[in-house]
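One letter stands for each residue in the lines below.
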Amino acid sequence: MHIGIIGGGIIGLSSAYYLHKAGHRITVFDQGPIADGCSLGNAGMIVPSHIIPLAQPGMMAKGMRWMLKSTSPFYVKPRLNADLMRWGWLFYRHSTPEHVERSIPLLRDLSLLSKTLYQDLAANGDLDFEWQERGLFMLYKTAAAEREMAEEAEVANHAGIEAKMLNGQEVQDFEPHARVDVRGAVYYPGDAHLNPGQLIHSLVTYLSKEGVTFLEKHPVTGFGTTGSRITAIHARGSHEVDQVVVACGAWSPEMAEQLGLKLSLQGGKGYSFVLQNVVNNVRVPAIMLEARATATPMGSDLRFAGTLEVAGTDMQVNMNRVRGIVEAINQYYPEAPVAMPAVERVWRGLRPCSPDGLPYIGRIQKYENVILATGHGMMGLSLGPATGKLVSEVVDGPSKSMDIAAFSPERFA
Ligand SMILES: Cc1cc2nc3c(=O)[nH]c(=O)nc-3n(C[C@H](O)[C@H](O)[C@H](O)COP(=O)(O)OP(=O)(O)OC[C@H]3O[C@@H](n4cnc5c(N)ncnc54)[C@H](O)[C@@H]3O)c2cc1C
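About the thresholds
Residues numbered from 1 in each chain as written. Predicted model: local features only at pLDDT ≥ 70, side-chain atom pairs only at ≥ 80, totals over all residues. Heavy atoms only, no water. Pairing = 2+ DSSP bridges. Helix = DSSP H or I, 4+ residues; strand = E, 2+ residues; numbered from the N terminus. Axes fitted to C-alpha atoms, helices over the stretch in contact; angles between N-to-C directions. Phe/Tyr/Trp six-rings, centres within 6.5 Å; stacked < 30°, edge-to-face > 60°. Buried < 20%, exposed > 50% of the residue type's maximum accessible area, 1.4 Å probe, protein only. Lys NZ or Arg CZ within 6 Å of the ring centre and 35° of its normal. Near = heavy atom within 4 Å. Polar contact = N/O pair within 3.5 Å; in protein donor to acceptor, adjacent residues only side chain to side chain. Nonpolar A, V, L, I, M, F, W, Y, C, P; charged D, E, K, R; others polar. Patch = residues over 30% accessible without salt bridge, like charges linked within 9 Å, V, L, I, M, F, W, Y side chains within 5 Å. Areas by Shrake-Rupley, 256 points an atom, 1.4 Å probe, with all protein chains shown as cover. Salt bridge = Lys/Arg side-chain N within 4 Å of Asp/Glu carboxyl O. Core = buried A, V, L, I, M, F, W, Y, C linked by side-chain atoms within 4.5 Å. Contact = heavy atoms within 4.5 Å.

S.K.: Could you clarify how one ought to interpret the sheet that holds strand β19 (residues 360-363) in this entry?
M.R.: Strands pair in a sheet through their backbones, by hydrogen bonds, and they do so in one of two ways: parallel or antiparallel. Spatially, the six strands line up as an open sheet ordered β9-β2-β1-β13-β20-β19, and their pairing is mixed. If you trace the sheet from one side to the other, it starts and ends with β9 (213-215) and β19, each paired once. Put simply, the sheet's adjacent strands are angled 15° from each other on average, direction ignored. In this structure, strand β13 (residues 243-246) lies alongside strand β20 (residues 370-374), joined through three bridges in parallel fashion.

Here you go:
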């Protein structure tokens, strides 16, 4: 079959990889250069530890408090917008213990499947992406955060994800070069990290060599249909296809609307910047908990990332939020040589956030040959290979790797 994939981020490219391996002919369409989506400058963390969805009890209240400070890690740009209000209402309705309990095994199984696939990809020689299995720290400085983290560690251990509470000295023992100033951390030994830019370039290079067609600067503007089938993708001309995969990240609602589906999804803007050639580099990737910022070693570089601004598809850089990340770093890593980066050195990306914190993966009712794959929020890099594999299984028959009913794109319709 000829399969048109709309979107060249980690989700579209992972789908292309597994569909190509299954023997299909693939064309990937992207509105921009492939290297411009959310999948490039992110924190590079592969996080089976993240089994609790963002929609959780207490998150609304925490978000409201954070919104009052211009350097805070979370912000909702106030807009009188029906989609944003519906998203907020659905988020609120899912911030319950029952939803968290239902989501934990789903996110865990999807994440563990993805990690296994990453291990295969790192070993099979197709790709090169600096795969490292050193775990992840959730660093904290306060007793309140320690209590919160101890609860999360208990939930993780109960779900079969190993989590260890460490004190400040034990954290330092993991870091031979970088000085760390924390009260303690939860250490998740099963987490990993990679270089996301290198992964995306490596996927494009490998797939191009294998005969996959990439149409960059080809925004998809519509479809040709016959009855309940999409027969063509319109992008600077008409391209005949047998199946369509929509993996447009934060722009997916616009594409879904053209396909008769009201998809609840908001862009969650975040920023990153890189310190190059760090002499005493960090060894273990970390989330600086109170600041909701991250530090990830990538070779001799160190990438910092953070903030979540629910801002639709607005791509402007807000330097106040970046300052919030910069100001937090030396509180955890007192000797990191960090300074405010120039605006052109700040990367920004839009996380495609569903209101319940679960991705959308599956077919839609109106057109029998369309599959949606989006809504991975803060975990799209982690969940990419599993999503690509599941998409290929949906195309070729009933899903085998896991039940995807809970990820239905039409669950809020
Ligand atoms: C600061 C930050 C840090 C993060 N850290 C991590 C992390 O450590 N671990 C993790 O797992 N996740 C992380 N994430 C989340 C992760 O980056 C995203 O979930 C993931 O990149 C989403 O991938 P995607 O393929 O769905 O979207 P994208 O990468 O945005 O790709 C979508 C593509 O669709 C294209 N497109 C849209 N509309 C059209 C159209 N009409 N026609 C053609 N093309 C179109 C876009 O141009 C884009 O290239 C982070 C995100 C941010 C912002």
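S.K.: Which parts of the structure should I look at to understand the packing of aromatic side chains?
M.R.: Each aromatic ring pair is described using two quantities: the centre-to-centre distance and the angle formed by the ring planes. Summed over all chains, the structure comprises twelve aromatic pairs. For the ring pair Tyr17 and Tyr18, a centre distance of 5.0 Å and an interplane angle of 80° mean the geometry is edge-to-face. Taken as a pair, Tyr17 and Tyr18 share a single burial class, namely buried. Aromatic side chains Tyr360 and Phe412 sit 6.4 Å apart centroid to centroid with 85° between the ring planes, which places their arrangement in the edge-to-face category. With Tyr360 in strand β19 and Phe412 in the segment after α10 (380-396), the pair connects residues that are 52 residues apart, well separated along the chain. Clustering of aromatic rings is evident, with ring pairs tying together Tyr17, Tyr18 and Tyr206. We note Lys141 situated over the ring of Tyr332; from NZ or CZ to the ring centre the distance is 5.7 Å.

S.K.: Please clarify how the site of the ligand should be interpreted in this entry.
M.R.: Neighbouring the ligand are 36 residues; Asp30, Ser39, Met45, Gly377 and Ser382 lie closest to it. Ile10 is positioned with one of its backbone polar atoms (N or O) 3.3 Å from an oxygen atom of the ligand. In this structure, an oxygen atom belonging to the ligand sits 2.7 Å away from a main-chain N or O atom of Gly377. Elements with a contribution of two residues or more to the shell around the ligand: α1 (10-21), β14 (266-275), β18 (347-353) and α10. In terms of residue count, the dominant contributor to the shell around the ligand is β18 (four residues). Among the residues forming the shell around the ligand, the class breakdown is 19 nonpolar, 15 polar and two charged.

S.K.: Please explain a nonpolar patch on the surface as it appears in this structure.
M.R.: A cluster of nonpolar side chains, namely Met60, Trp89 and Tyr92, defines an oily patch on the protein surface of about 340 Å² accessible area. With respect to the helices and strands, the residue Trp89 is situated in helix α3 (residues 82-94).

S.K.: I keep staring at the nonpolar core and nothing clicks. Help me out?
M.R.: If you look at soluble globular proteins, the nonpolar side chains tend to sit buried side by side. Among the nonpolar cores identified, the biggest contains 72 residues, and Tyr118 and Leu199 are the most heavily contacted of them. Ignoring anything within four residues of it in the chain, the contact list for Tyr118 reads Ile10, Ile46, Phe129, Trp131, Leu194, Leu199, Leu381, Ser382 and Pro385. In this structure, Ala178, Val282, Leu302 and Ala328 belong to the second largest nonpolar core, which totals 32 residues.

S.K.: What is the right way to look at the side chain of Gln243 in this model?
M.R.: Mapped onto the elements, Gln243 comes out in strand β13. A polar atom in the side chain of Gln243 sits 3.1 Å from the side chain of Arg363. In contact with Gln243, other than residues within four places in its own chain, are Met1, His2, Ile3, Gly4, Arg363, Asn369 and Ile371.

S.K.: Would you take a moment to explain the sheet that holds strand β12 (residues 238-240) for this structure?
M.R.: Across the sheet, three strands lie side by side as β10-β11-β12; this open sheet has antiparallel pairing. In the strand order of this sheet, the two ends are held by β10 (222-226) and β12, each with one partner. On average, each strand axis in the sheet is tilted by 35° relative to the strand beside it, whichever way the strands run. In this structure, β10 lies alongside strand β11 (residues 229-234), joined through five bridges in antiparallel fashion. Bridge pairing in β11 links Gly222 to His234.

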